[in-house]
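Structural overview
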Amino acid sequence: MLSDPRPYFAELTDPRRVTKNKLHPLQDILMIVFCAVLSGIEDWVGMATFAREKEAWFRRFLPLPGGIPSHDTLSDVMGRLAPGVFAQAFLNWARSALPSLEGEQICLDGKTLRGSRGREGAVHLLSAYAAQARLVLMQRAVDDKSNEITAIPDVLDLLELQGAVVSLDAMGCQKAIAAKICQRGGDYLLALKDNHPQLREDVGLWLDTEAARGALVVWETLDKDHGRIEIRRTVLSDDLAWLGPKSEWAGLRAVGRVEATRIVGDRTTTDYRYYLSSLTDLERFAHAVRRHWAIENGQHWVLDVQFGEDANRARKDHSAQNLALVRRMALNVIRHNGPSPHSVRMRKLKAALNDDYRFSLIFDPPET
C-alpha cells in the first residue's frame, strides 16, 4: 500500500519567488495534478476544469487559500519544479511501500516521451521497476538513449540492492555497471548483443555448441495466446574456463541463452538471445529473463495505452518529465491501494466519477 503523498510533496522546494501574486501552495498544485491524472485527465486545461468542478472535494484535504489555480499556473509550476528533487521525493514515497528490495527483480530500461519532441529533441527517461511488486521505483531523465550508460550507476546508487536481481538490456551491458551492482550486494542479468561483438560471438559459439551436443540442461516453457504459440528453451553454463575476459566482469558466474520459437499460423520464426549473469540457477535465470519484459508490458505499454503518455504534448521546461513522474505515481496507486477485479482503465474511470472512491484510493485504500 502506498501512503498519502502530501508529506513527500511537503519536502519539495517551491521554484517560485515569494510575492503577493503567489496564491497557490506548491502542495495544492501537485495534489490537483496528481488527482486529475489519477482520474484520467491528461492536459492542463482539463486538470484545471476538473479541479474547479471538484473544488468542494479538494477542500476536504487541501487549504486552497487562493482557490483553484488556472491551467497556466499548473503548467508553469510543473515546468519549473526541479525534476531531480521531485524524483527523489517519488523514490522516498515508493520506498515507504517497499522498504526492502531483497528477493525483488529491478528492471532498468529507457523510454522516450515522443510527444515532448521539440527543437532539442524528445525527453528520454530511465526507469527502475520492481517486477514482482509491479511498482515503479524511480525515473531519471537523460539526454538521449546513449546517455543511459552514464545515468545507470547514479540510479543504482539510490537503490538498496542487497539481495535483489538487476536486469538490463544491451545498453547496460557494461563492466562498470556489473561491478556497481555487485558492490551494492545485488545480482545481475545483462543482455549481450552487438555492442560487444567479439564477446557476443564467443558466448554464442560456446552455448550453441554445448547445447547442440546435449551438454546443457534445457528449461522449456510453452505459451499459447490469441493464435500464437511461443516455445522458449533456456540453457545456462557456469563453465567459464574458456572465457578470456571473465576476470574483467565482476561477479560473472554464468552465460545463458534463450531460444525463442514463435508459431503464428503457417509462419515459424526462431531467435536467440544471449546473456551474462551472476546467477547460476537455471530456473531462476529463466524466470529473470522473462520477468525483465515486465517493465515494457507492465509500465511502458500501460502508460502509453492507459495514460496517453506518448501522445501528451507537454514540453515546456521540465513539465514533460515531471508530468511523467505523476503518471507513475497514479499507476502505482491504482495498482496497489486496494485490491480490485477491475482493469486500470476502469479504476481510472471510477476515480473520475466517484469522489469517495477517489478519496479512499489515495488516503484510505478500499477493500474492493
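Residues numbered from 1 in each chain as written. Predicted model: local features only at pLDDT ≥ 70, side-chain atom pairs only at ≥ 80, totals over all residues. Heavy atoms only, no water.

A closer look at the packing of helix H2 (residues 26-38) against helix H5 (residues 71-80)
Running from amino to carboxyl end, H2 crosses H5 at an angle of 105°, the nearest separation of the two axes being 10 Å. Between H2 and H5, the angle falls in the class roughly perpendicular. Where H2 approaches H5, its residues Leu26, Ile29, Leu30, Ile32 and Val33 are matched on the opposing element by Thr73, Leu74, Val77 and Met78. Broken down by class, the residue content of the contact of H2 with H5 amounts to 8 nonpolar, 1 polar and no charged. (Axes fitted to C-alpha atoms, helices over the stretch in contact; angles between N-to-C directions. Helix = DSSP H or I, 4+ residues; strand = E, 2+ residues; numbered from the N terminus. Parallel < 35°, antiparallel > 145°, perpendicular 65-115°, else oblique. Contact = heavy atoms within 4.5 Å. Nonpolar A, V, L, I, M, F, W, Y, C, P; charged D, E, K, R; others polar.)

Focus: H2
Helix length check: H2 (13 residues) gives 18 Å between terminal C-alpha atoms against 18 Å at 1.5 Å per residue, within 8%. Across the 13 residues that make up H2, a large majority, 12, are buried. Among all positions of H2, only Leu26, Asp28, Ile29, Leu30, Met31, Ile32, Val33, Phe34, Cys35, Ala36, Val37 and Leu38 are buried. Following H2 by one or two positions, Gly40 has its phi on the positive side, about 90°. (Expected span 1.5 Å × (residues − 1). Buried < 20%, exposed > 50% of the residue type's maximum accessible area, 1.4 Å probe, protein only.)

With respect to the state of the cysteines
This structure, assessed with the given rule, holds 0 disulfides. Distance from the sulfur of Cys173, which forms no disulfide, to the nearest cysteine sulfur (Cys182) is 13 Å. The buried category is assigned to Cys173, whose relative accessible area is 0%. (Disulfide = S-S within 2.5 Å.)

So, the pairing of strand S8 (residues 254-264)
Within S8, 8 of the 11 residues are buried, which leaves the element mostly enclosed by the surrounding structure. Sheet topology places strand S7 (residues 228-237) next to S8; 10 bridges connect them, and they run antiparallel. What sits directly across from Leu236, in S8, is Gly256. One ladder, built from 11 bridges, connects S8 with strand S9 (residues 267-277); its direction is antiparallel. In the sheet register, Ala254 faces S9, and the bridge partner there is Ser277. The turn joining S8 and S9, which pair antiparallel and follow one another in sequence, is formed by 2 residues; a positive phi near 60° is taken by Gly265. (Pairing = 2+ DSSP bridges.)

Observations regarding the nonpolar core
Generally speaking, a soluble globular protein has its nonpolar side chains buried in company with each other. By size, the foremost hydrophobic cluster in this structure holds 101 residues, and its most contacted members are Phe58, Ile106 and Leu159. The greatest single-element share of this core, amounting to 11 residues, is contributed by H2. One finds Val165, Leu189, Leu236 and Ala288 within the second-largest nonpolar core, a separate group that totals 12 residues. (Core = buried A, V, L, I, M, F, W, Y, C linked by side-chain atoms within 4.5 Å.)

Remarks on the sheet that holds strand S5 (residues 187-192)
Ordered by their spatial adjacency, 9 strands build an open sheet running S3-S2-S1-S4-S5-S9-S8-S7-S6, and the pairing between neighbours is mixed. At either end of the open sheet lies a strand with only one pairing partner, and these are strand S3 (135-142) and strand S6 (219-225). Here the strands of the sheet are splayed against their neighbours by 25° on average, with no regard to which way each runs. Pairing of strand S2 (residues 121-130) with S3 involves 7 bridges; the strand directions are antiparallel. Paired with Tyr129 across the two strands is Val136, which belongs to S3.

Re H5
It helps to recall that an α-helix has 3.6 residues per turn; residues three or four apart then point in one direction. Looking only at H5, the buried set comprises Leu74, Ser75, Val77, Met78 and Gly79. As for H5, its buried residues are in contact with H2, helix H3 (44-53), helix H6 (83-97) and helix H12 (319-336).

Some words on the pairing of S9
Strand residues, when the strand is regular, have side chains that alternate between the two faces of the sheet. In this structure, S5 lies alongside S9, joined through 4 bridges in antiparallel fashion. Residue pairing in the sheet places Leu190 in a bridge with Leu276 of S9.

Some thoughts on a nonpolar patch on the surface
A cluster of nonpolar side chains, Met346, Leu349 and Leu353, forms an exposed patch at the surface whose accessible area comes to about 290 Å². Inspection of the secondary structure puts Met346 in helix H13 (residues 344-353). (Patch = residues over 30% accessible without salt bridge, like charges linked within 9 Å, V, L, I, M, F, W, Y side chains within 5 Å. Areas by Shrake-Rupley, 256 points an atom, 1.4 Å probe, with all protein chains shown as cover. Salt bridge = Lys/Arg side-chain N within 4 Å of Asp/Glu carboxyl O.)

With respect to the packing of helix H11 (residues 294-307) against H12
Viewed as axis vectors pointing N to C, H11 and H12 meet at an angle of 100°, and their least axial separation amounts to 11 Å. One way to sum up the angle between H11 and H12 is to call them roughly perpendicular. Contact residues: H11 offers Gly298, Gln299, Val302, Leu303 and Phe307, while H12 offers Arg327, Arg328, Ala330, Leu331, Ile334 and Arg335. In terms of residue class, the contact of H11 with H12 is built from 6 nonpolar, 2 polar and 3 charged.

Without other data, these values stay purely geometric and don't point to any function.
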